[in-house]
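Chain by chain, the residues run as shown.
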2 protein chains.
Amino acid sequence: MKALTGIRVMDFTNVLAGPYCSMMLANMGAEVLKVEKPYLGDDSRHYGPHVNGESAYFLSINRGKKSVTCDTKTEEGKAFFRRMVEKTDILVENLKPGAMERMGLGYDALKEINPRLIYVAVSGFGHTGPYSPRPAYDMIVQAMGGVMSITGTPGGDPVRVGTSIGDIVAGMFGAFGAVNALYMRERTGLGQKVDVAMLDSQLAILENAITKYAATGIVAKPMGLKHPSITPFEAYRTKDSWIIAAAGNNNLFAKLCQVTGNEALISDPRFDTNPHRNQHIDELSDYIQAKMYAHTTEEWMKIMTDAGIPCGPINTIDKLFSDPQVEARHMLVEVEQPGIGKLKVAGNPVKMSLTPPQEELSADPAPELGANTREVMLSLGYSESEVEDYLNKFQNKDKAVKD
Amino acid sequence: MKALTGIRVMDFTNVLAGPYCSMMLANMGAEVLKVEKPYLGDDSRHYGPHVNGESAYFLSINRGKKSVTCDTKTEEGKAFFRRMVEKTDILVENLKPGAMERMGLGYDALKEINPRLIYVAVSGFGHTGPYSPRPAYDMIVQAMGGVMSITGTPGGDPVRVGTSIGDIVAGMFGAFGAVNALYMRERTGLGQKVDVAMLDSQLAILENAITKYAATGIVAKPMGLKHPSITPFEAYRTKDSWIIAAAGNNNLFAKLCQVTGNEALISDPRFDTNPHRNQHIDELSDYIQAKMYAHTTEEWMKIMTDAGIPCGPINTIDKLFSDPQVEARHMLVEVEQPGIGKLKVAGNPVKMSLTPPQEELSADPAPELGANTREVMLSLGYSESEVEDYLNKFQNKDKAVKD
């Protein structure tokens, strides 16, 4: 048994923020019905990289879900949607605010059908406030939310965080809200609406940059590869790539000086305390960097780890696929995907002791578009002939478009 | 009532990953007892920025919690810790793996006292695997987890993400695991251990970079301010700063050409489809950029928003403090902190409809070190004289150190 075994989620979402949210719920054992528009499905089914014409990107965020096609622009589709809502614990959507209401499927309408429904809306700017109707994408909220202005090299241009944290962090807060609402429902019998904005979520992860401005008026700037308050704590170039080394106290600083052949610096009055090292950060960097070219990153990793100095390589993505810790933690798991074959995707980072470990060693495939429409309709009490009519109208066209 | 009203959390954590996890639980209404070492408390009480000698940084991550001092190196302290565990729903710790066990306070020992206990461990590399005993910091897992290798300008050095996503994302997965375990406990009566690693959490947010390598063998690289697959979708310099503009389809592309005076590009065969635009991205950027210097970011925001083109400024941190959407969503809330006065901190990004909105308009202050030791001891059945003995031994020294 997993934490959310027996919980049904309707995943009426597209691309990343919403699908990531429902993937987290699927990882916890929820049954996730991806409700997709007929013919095309989730937009990300058409995003690269493709393998044999199938989107590996879609697979990576939608593994372990089921797929139901439902055209919510038709009355027939709306009726099907509402019948699913009656039997659903959590609905996740990431449309623009107001779009669900225009279809008659907003929270206020759906809670009349199912007062126990938990309705999670993940949107760019949230369901209130002056920017609410505006469209947003990951890069736009990364820009507006401030993280881009503090990421980059000192004096250089701002840069985007290389992964879509604008989407993903919002999906994570949405999933957290969903399970909190589920727990509250156990005690009150009531569902509720969880409204998560991508912009809000960016504010929530800024930590010291907000505090610094609030307390001192100083506007944080990009720091490249240096730490804002601990020295030395930065990246050095080695013979073959890079290494991060961190000496957060005088004892570790002395060890770092010893292993790099900089013993004279230990008692140097410029470097004898962390505040002094912060003051003379550039000189100190130069002394240490000068010695770092002598060995490869792997050699330095051994030397520093043996000396107890916190350190780590800057891994490129390929390195993760052969890292023994990543393997031991099952953080890259295999999916056997029809049409694609075996492909590795990121595993579940939340390791729960009551979840049987063998359930986390691989992941279930992503669904073919509409693969579960029939079973879901039958389970809701549609008759065989109603199901056939519906499938003739929509589902067969899914296949036609694909063929 | 909030989602976690009535739930007690012991927050035996330091600095960021663990405290962020328990702050999320506090935001949902849990009573969080910060269990701190006497005299010094959480290390971050000594981190800047300071206001009147108090750490604003500590305040920002520990607002709304209580503080209990407990020296777990003494038998007396261990006994107090265990008595708290008996009355606790969720324990969060972020010590190095093995440290709790060496004190006799590991999960296996604590579940004997309280089988309903949910034990959340947030650590650098997790409680299993070959790197488990190694120390880690945010920058080290950002480096090892791959995000640094895909963040930065094309061809330039890797850079650290400007906020501590190595810590924060792990804290978020920890909080998600905690509430899932709470929900599972409602149905099974059993607590469990939730083991979250900072490195694992980095893998979990890499999305397309992992898929791209798994599917094609291509190692993702930093892309600066461009989007990996949509063109045009990037940052342009304006008369006074920057703007992000995104034209994800031909219709939006035509509008962007119109507002920038580039009508001739609309039917240019180099730019007539998104794949073509991706192929000729540098030429297209140059054409659009050349026109962008004509107006300020604010002027372009109005022009593009009116035209329906998704866009956003690259906000520096100060801009967030006057943004109308941030204000409307209560994402910067005021804390009235003794010793500091009024200070703004990030609000709760998870907006729950059953939580009274007025409870989210401000935040409670962070606790003085040991402020709640007495009340917690009395509530656990310690006698007045036992409490006095304990406070004389530890608490008064807290004050002495501070004075």
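To be clear, the structure that these remarks concern was listed above.
Residues numbered from 1 in each chain as written. Chains lettered and ligands numbered in written order. Predicted model: local features only at pLDDT ≥ 70, side-chain atom pairs only at ≥ 80, totals over all residues. Heavy atoms only, no water.

Residues L25(A) and L25(B) are the most contacted members of the largest nonpolar core, which totals 148 residues. If sequence neighbours within four positions are ignored, L25(A) has contacts with L4(A), V9(A), A30(A), I90(A), V92(A), A175(A), A178(A), V179(A) and F176(B). (Core = buried A, V, L, I, M, F, W, Y, C linked by side-chain atoms within 4.5 Å. Buried < 20%, exposed > 50% of the residue type's maximum accessible area, 1.4 Å probe, protein only. Contact = heavy atoms within 4.5 Å.)

For the rest of this paragraph, the subject is the sheet that holds strand β8 (residues 193-197) of chain B. Taken in spatial order, the 7 strands line up as β14(A)-β8(B)-β7(B)-β6(B)-β1(B)-β2(B)-β5(B) in an open sheet, and their pairing is mixed. Only two strands of the sheet have a single partner each, and these edge strands are β14 (351-352) of chain A together with β5 (66-69) of chain B. By the bridge criterion, 4 bridges tie strand β2 (residues 31-36) of chain B to β5(B) in an arrangement that is parallel. Note that in β5(B) the partner of V35(B) across the bridge is V68(B). Sitting on the sheet, helix α1 (residues 17-27) of chain B is in contact with β1 (8-12), β2, β6 (90-93) and β7 (118-123) of chain B, with an inclination near 165° to β1(B). (Pairing = 2+ DSSP bridges. Helix = DSSP H or I, 4+ residues; strand = E, 2+ residues; numbered from the N terminus. Axes fitted to C-alpha atoms, helices over the stretch in contact; angles between N-to-C directions.)

Within the element layout of this structure, R134(A) appears in the loop between β7 (118-123) and α6 (138-144). Spatially, the C-alpha atoms of R134(A) and P338(A) are 38 Å apart, while their sequence positions differ by 204 residues. For R134(A), the residues in contact, after removing those within four places along its chain, are K96(A), F125(A), M144(A), M301(B) and T305(B).

Let us look at the state of the cysteines. Within this structure, the stated rule accounts for 0 disulfides over all chains. No disulfide involves C21(B); its sulfur sits 18 Å from the nearest other cysteine sulfur, which is in C21(A). Note on C21(B): relative accessible area 0%, which makes it buried. (Disulfide = S-S within 2.5 Å.)

Looking now at the relation of the copies chain B and chain A. Laying chain B over chain A is done by rotating through 180° and shifting 0.0 Å along the axis; what remains is an RMSD of 0.0 Å. On this basis, the relationship between the two copies can be described by a two-fold rotation axis. A share of 100% of the interface residues of chain B reappears at the interface of chain A, consistent with the copies meeting face to face through the same patch. (Least-squares fit on C-alpha atoms with pLDDT ≥ 70 in both.)

Two side chains carrying opposite charge are able to pair once their charged atoms lie near each other. Under the counting rule described, the total for this entry stands at 48 salt bridges over all chains. For the salt bridge of D157(A) with R237(B), the shortest nitrogen-to-oxygen distance reads 2.7 Å. Separated into two different chains, D157(A) in the loop between α6 and α7 (165-188) and R237(B) in strand β9 (residues 233-237) make up a pair that spans both. Two residues, E360(B) and K2(B), come together in a salt bridge whose shortest N-O distance is 3.4 Å. With E360(B) in the loop between β14 (351-352) and β15 (362-363) and K2(B) in the segment before β1, this residue pair connects regions lying 358 residues apart in the sequence. Each member of the pair, E360(B) as well as K2(B), carries the same accessibility label: buried. One connected set of salt bridges, linked through shared partners, spans R8(A), E31(A), K66(A) and E375(A). (Salt bridge = Lys/Arg side-chain N within 4 Å of Asp/Glu carboxyl O.)

A few words now on the interface of chain B and chain A. A common measure of how large an interface is: the accessible area buried when the components associate. Each partner contributes to the interface: chain B provides 136 residues, whereas chain A provides 136 residues. Interface area for chain B against chain A, summed over the two sides, is near 11,700 Å², with a carbon-plus-sulfur share of 71%. The tally of links between chain B and chain A comes to 6 salt bridges. Between D200(B) and R329(A) there is a salt bridge, with the nearest N and O atoms lying 2.8 Å from each other. Summed over the shared surface of chain B and chain A, the result is 50 residue pairs in polar contact (both at pLDDT 80 or more). Ranked by residue count, the leading element in the side of chain B that touches chain A is helix α7 (residues 165-188) of chain B, at 17 residues. Tallied by class, the residues present in the side of chain B that touches chain A amount to 82 nonpolar, 35 polar and 19 charged. (Buried area = accessible area lost by both parts, 1.4 Å probe. Polar contact = N/O pair within 3.5 Å; in protein donor to acceptor, adjacent residues only side chain to side chain. Nonpolar A, V, L, I, M, F, W, Y, C, P; charged D, E, K, R; others polar.)

Quick look at the packing of helix α10 (residues 250-259) of chain A against helix α13 (residues 297-307) of chain A now. Residues and elements named next belong to chain A. It is at 10 Å that the axes of α10 and α13 come closest, and there the two elements cross at 140°. Judged by the angle between their axes, α10 and α13 are oblique. In the crossing of α10 with α13, the sense of the turn from one axis to the other is right-handed. Residue-level contacts link K255, L256 and V259 of α10 to W300, I303, M304 and A307 of α13. (Parallel < 35°, antiparallel > 145°, perpendicular 65-115°, else oblique. Left-handed = near helix turned anticlockwise from the far one by under 90°.)

Time to look at the side chain of D167(B). Residue and element names in this part refer to chain B. Here D167 shows up in helix α7. One buried charge, D167, has no salt-bridge partner; the nearest side chain with opposite charge is R160, at 6.7 Å. When sequence neighbours within four positions are dropped, the list of residues in contact with D167 reads L16, A17, D138 and M198. (Lys, Arg positive; Asp, Glu negative; His and termini not counted.)

Contact pair α7(A) / α7(B): the axes reach a minimum separation of 9 Å and the direction vectors enclose 20°. It follows that α7(A) is roughly parallel to α7(B) by the angle criterion. Considering only the axes of α7(A) and α7(B), their crossing is left-handed. Mapping the contact onto sequence places I165(A), V169(A), M172(A), F173(A), A175(A), F176(A), V179(A), N180(A), L182(A), Y183(A) and E186(A) in α7(A) and I165(B), V169(B), M172(B), F173(B), A175(B), F176(B), V179(B), N180(B), L182(B), Y183(B) and E186(B) in α7(B).

Moving on, we come to the packing of aromatic side chains. Residue and element names in this part refer to chain A. Using the criterion set out here, one finds 18 aromatic pairs over all chains in the structure. One aromatic cluster is present, formed by F80, Y382 and Y390 through successive ring pairs. A cation over an aromatic ring shows up here: R83 above the ring of Y382, its NZ or CZ 3.8 Å from the ring centre. Positioned above the aromatic ring of Y131 is the side chain of R134, whose terminal nitrogen or guanidinium carbon lies 4.1 Å from the ring centre. (Phe/Tyr/Trp six-rings, centres within 6.5 Å; stacked < 30°, edge-to-face > 60°. Lys NZ or Arg CZ within 6 Å of the ring centre and 35° of its normal.)

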